[in-house]
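Chain by chain, the residues run as shown.
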Amino acid sequence: SFFRNQMEEVKDQRAEAMKYLESKKILKLFDILGAKLVKNKPERPNEFLLSELEKILEAKTMNAPVTLFSESDIEVMFSIFDITNRGYVTQTQYAKGSP
C-alpha cells in the first residue's frame, strides 16, 4: 500500500542519515559540543560554539585529541580524589570513583 511504501522510505532515509552522521563522527561532535555548552553555560552560545569548533579544528591539524575537559579541569578533579595530596590515587579510589 501507499502508506507502507511511504513508511519504508522514511525508515530508509533515517537509516541513511544515521549512517552518514556516524561515519563522519558528527554525533560524537554534537555530544562534545553539547556537554561543553552545559558545562560552561556561556552567555553567547553561538560565539562559544564557533570558538569551540575553531579549537577542535586546530587540535585536529596538530593531531591532538579532542577532549571535553581542559588540563585544569582534570587537575581539579584529580585534587578531589587526592585528598592527602600524595600526587596519586589508590587503585581502590580509582575503582570506586570516589575519594
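Everything here concerns the structure above.
Just so it is clear, the structure is predicted and the values come from calculations on it, not from any experiment. (Residues numbered from 1 in each chain as written. Predicted model: local features only at pLDDT ≥ 70, side-chain atom pairs only at ≥ 80, totals over all residues. Heavy atoms only, no water.)

*Asks:* So what's going on with unusual backbone geometry? Which residues, and what values?
*Replies:* A positive phi angle, close to 60°, is found at lysine 25, a residue other than glycine. Inspection of the secondary structure assignment puts lysine 25 in the loop between α1 (2–23) and α2 (26–40). For asparagine 63, which is not a glycine, the phi torsion comes out positive at approximately 55°. Tracing the backbone shows asparagine 63 in the loop between α3 (45–61) and α4 (71–81). Residue classification places asparagine 63 among the exposed positions, given a relative accessible area of 73%. (Helix = DSSP H or I, 4+ residues; strand = E, 2+ residues; numbered from the N terminus. Buried < 20%, exposed > 50% of the residue type's maximum accessible area, 1.4 Å probe, protein only.)

*Asks:* Could you give an account of the pattern of salt bridges, naming the residues involved and the relevant values?
*Replies:* Tallied over the full model, the rule gives three salt bridges. The partner of lysine 36 in a salt bridge is glutamate 52, and the shortest N-O contact between them spans 3.0 Å. Residue lysine 36 is found in helix α2, and its partner glutamate 52 is found in helix α3; the two are separated by 16 residues along the sequence. Given the relative accessible area of 5%, glutamate 52 is considered buried. A single salt-bridge network, built from bridges that share partners, covers Lys36, Glu52 and Lys55. (Salt bridge = Lys/Arg side-chain N within 4 Å of Asp/Glu carboxyl O.)

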